[in-house]
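Coordinate inspection notes
Chain residues, written in single-letter form:
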Amino acid sequence: MWIDTHCHLDAAEFGGEQAQVQAATAAAQQGVDWIVIPAVERANFATVATLAAQLPNCTYALGIHPLYVPQAEEADLLALRTAIAGAIADPRFVAIGEIGLDFFVPGMDSGPLREKQEHFYVEQLKMARDFDLPVLLHVRRSQDILLKHLRRIKVQGGIAHAFNGSFQQAEAFIGLGFRLGFGGAMTFTRALQIRRLAVQLPLAALVLETDAPDMSPAWLHPQPNQPQQIPRIGAVLAELRGMALPDLAQATAANACAALPRLAALA
Ligand SMILES: [Zn+2]
């Protein structure tokens, strides 16, 4: 069993509903038994839920992505809380996400936009805490500030997606109950730091993801990524760690289930 812990299957780049169904079906044929579709803004809360309801191997998360925070309104946080309360009875609803902080995009690392990002992040962490749900974290040049709030607002953990940071930062996330998501970036031989992390971190801390349609693996770039790439991305990790592919598949799927208990209940 393979699990894609982060796939924006509702993104326009997939080219419409039929292509989205095809992408999920092609992934299932490659052994990707589960896909997690994170929301990014209030406008797609219903979209990700509907997709997950239609596709046998899809689940979803609800949240406001840091890059959608500039155009988000305070009322969207209230709408999110209402959406979570409404989704809690839905077994396909597995996490709060995608939430986090992006200090890479110019203008978002300081001033009012940074403040607004932190406000949205903190408020969404509180929702994860209140509903006892794991979170899917967007981490870009923001590891230490994300960690600062995680130490203050206790959530059950989750996944730090597309992880790229120091070994010490990785260990800090792990210590707070997080697994780290590895995907297409790891398939580039020049990605020395990510490959080093993928080898040196405990296997129990690693989960696989595509972040499709983004973060295409080396063999696909610059074509859009697809959830069916998970086994091949997994093969890169297996080779880096000197593991047999079935063992790597089994271990990363078990880690994803440990990070997402509601997904484990489905699987
Ligand atoms: Zn994402």
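These notes cover the structure that comes with them. (Residues numbered from 1 in each chain as written. Predicted model: local features only at pLDDT ≥ 70, side-chain atom pairs only at ≥ 80, totals over all residues. Heavy atoms only, no water.)

1. A look at unusual backbone geometry
The peptide bond linking Ala212 to Pro213 adopts the cis configuration, its omega dihedral lying at 10°. Its location among the elements puts Pro213 in the loop between strand E8 (206-208) and helix H8 (230-241). Residue Pro222 follows His221 across a cis peptide bond; omega there is 5°. Assignment of secondary structure puts Pro222 in the loop between E8 and H8. Of note, Asp132 is a non-glycine position whose phi angle comes to about 50°, a positive value. Counting through the fold element by element, Asp132 comes out in the loop between helix H4 (111-131) and strand E5 (135-140). If you check the backbone angles, Met215 has positive phi at about 50° while not being a glycine. You can see Met215 is positioned in the loop between E8 and H8. Looking at Met215, the relative accessible area reads 33%, which means it is partly exposed. (Helix = DSSP H or I, 4+ residues; strand = E, 2+ residues; numbered from the N terminus. Buried < 20%, exposed > 50% of the residue type's maximum accessible area, 1.4 Å probe, protein only.)

2. Quick word on the pattern of salt bridges
This structure, assessed with the given rule, holds six salt bridges. In this structure, the salt-bridge partner of Glu118 is Arg114, at a minimum N-O distance of 3.0 Å. Linking Glu118 with Arg114, this pair stays in helix H4, spanning four residues, or about one helical turn. Three or more residues joined by partner-sharing salt bridges are found here, namely Arg81, Arg129 and Asp130. (Salt bridge = Lys/Arg side-chain N within 4 Å of Asp/Glu carboxyl O.)

3. Points about helix H6 (residues 167-175)
Turning to H6, its buried residues are Gln169, Ala170, Ala172 and Phe173. Buried residues along H6 cover an arc of 160° about the axis, so they all sit on one side. Exposed side of H6, more than 90 degrees from the buried face: Gln168 and Gly175 are the residues found there. On its buried face, H6 sits against E5, helix H5 (143-152), strand E6 (158-161), strand E7 (178-182) and helix H7 (192-200). Just downstream of H6 lies Gly177, where phi reads positive at about 90°. (Arc of directions from axis to C-beta. Contact = heavy atoms within 4.5 Å.)

4. Thoughts on the side chain of His8
Within the secondary structure, His8 is located in the loop between strand E1 (2-4) and helix H1 (17-29). A polar contact is formed between the side chain of His8 and the side chain of Glu98, at a distance of 3.0 Å. Beyond its immediate stretch of four places on either side in the chain, His8 contacts Phe14, Pro38, Val40, Glu98, Asp211, Ala212 and Pro213. (Polar contact = N/O pair within 3.5 Å; in protein donor to acceptor, adjacent residues only side chain to side chain.)

5. Overview of the packing of helix H3 (residues 74-87) against H4
Packing of H3 against H4 leaves a shortest axis separation of 11 Å and a crossing angle of 20°. The pairing of H3 with H4 is recorded here as roughly parallel in orientation. The interaxial crossing formed by H3 with H4 has right-handed handedness. Mapping the contact onto sequence places Glu74, Leu77, Leu80, Arg81, Ile84 and Ala85 in H3 and His119, Phe120, Glu123, Gln124, Lys126, Met127, Asp130 and Phe131 in H4. Its residues placed into classes, the contact of H3 with H4 shows seven nonpolar, two polar and five charged. (Axes fitted to C-alpha atoms, helices over the stretch in contact; angles between N-to-C directions. Parallel < 35°, antiparallel > 145°, perpendicular 65-115°, else oblique. Left-handed = near helix turned anticlockwise from the far one by under 90°. Nonpolar A, V, L, I, M, F, W, Y, C, P; charged D, E, K, R; others polar.)

6. Focus on the nonpolar core
Judged by nonpolar contacts, the single largest core of 74 residues is most densely connected at Leu9, Leu62, Leu137, Phe173 and Phe182. Counting residues in each nonpolar core, the second largest holds 15 residues, with Ala253, Ala256, Ala259 and Leu263 among its members. (Core = buried A, V, L, I, M, F, W, Y, C linked by side-chain atoms within 4.5 Å.)

7. With respect to the coordination of the zinc ion
Bound to the zinc ion on the protein side are His6 (NE2), His8 (NE2) and Glu98 (OE), at distances that span 2.1 to 2.2 Å. Read N to C, the donor residues that coordinate the zinc ion are spaced as H-x1-H-x89-E. Of this pair, His6 sits in the loop between E1 and H1 while Glu98 sits in strand E4 (residues 93-102), and the two are 92 residues apart along the sequence. We note that His6, like Glu98, is buried. (Donors = N, O, S within 2.8 Å, 3.2 Å for Na, K, Ca; no water.)

8. Considerations on the packing of aromatic side chains
A complete count under the given rule lists three aromatic pairs for this structure. Relative to Phe93, the ring of Tyr60 lies with its centre 5.5 Å away and its plane at 35°, an arrangement referred to as tilted. Of this pair, Tyr60 sits in strand E3 (residues 58-62) while Phe93 sits in strand E4, placing them 33 residues apart in sequence. Here Phe173 and Phe178 contribute two aromatic rings whose centre-to-centre distance is 6.1 Å and whose plane-to-plane angle is 80°, an arrangement assigned as edge-to-face. Through successive ring pairs, a cluster of aromatic residues spans Phe163, Phe173 and Phe178. (Phe/Tyr/Trp six-rings, centres within 6.5 Å; stacked < 30°, edge-to-face > 60°.)

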